[in-house]
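# Overview (structure and organization)
As a plain string of letters, each chain reads:
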Amino acid sequence: MFGRKRKIKKEFDDRLRTLMIETKKDWEQAKEIEKYLNDYDQEVMVRRKIAESKHFHLFREAKIRRLGID
């Protein structure tokens, strides 16, 4: 019974790590795109902020779970 809970927790922790890596890449890519734009483009800024929000939401969840991220 307790082994199953650990297995499920490990599975979700692995998913969380993967999502955090993906969202960080998306966020960094959005920052680079925004940096190279010459004019003010609201859509690009919104995409960057959404990516940033997703990443920090997952980061908060990882902190609550005491999950170590490489």
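Report on the accompanying structure. Computed from a predicted model, the values in this text were never measured in an experiment.

## Overview of the environment of Lys9
The topology assignment puts Lys9 in helix α1 (residues 2–36). With a relative accessible area of 41%, Lys9 lands in the partly exposed category. The sequence separation of Lys9 and Met45 amounts to 36 residues, and the corresponding C-alpha distance is 35 Å.

## Examining the pattern of salt bridges
Scanning the entire structure with this criterion turns up 10 salt bridges. For Glu52, the salt bridge is made with Arg48, and the minimal N-O distance between the two is 3.3 Å. Linking Glu52 with Arg48, this pair stays in helix α2 (residues 42–65), spanning 4 residues, or about one helical turn. A relative accessible area of 25% places Glu52 in the partly exposed class. We classify Arg48 as buried; its relative accessible area is 15%. Across the pair Arg65 and Glu61 runs a salt bridge, and its minimum N-O distance is 3.2 Å. In this pair, Arg65 and Glu61 both sit in helix α2, 4 residues apart, roughly one turn of the helix. Looking at Arg65, the relative accessible area reads 29%, which means it is partly exposed. When salt bridges with common partners are traced through the structure, they connect Lys9, Asp13, Glu61 and Arg65 into a single cluster.

Conventions used here
Residues numbered from 1 in each chain as written. Predicted model: local features only at pLDDT ≥ 70, side-chain atom pairs only at ≥ 80, totals over all residues. Heavy atoms only, no water. Helix = DSSP H or I, 4+ residues; strand = E, 2+ residues; numbered from the N terminus. Buried < 20%, exposed > 50% of the residue type's maximum accessible area, 1.4 Å probe, protein only. Salt bridge = Lys/Arg side-chain N within 4 Å of Asp/Glu carboxyl O.

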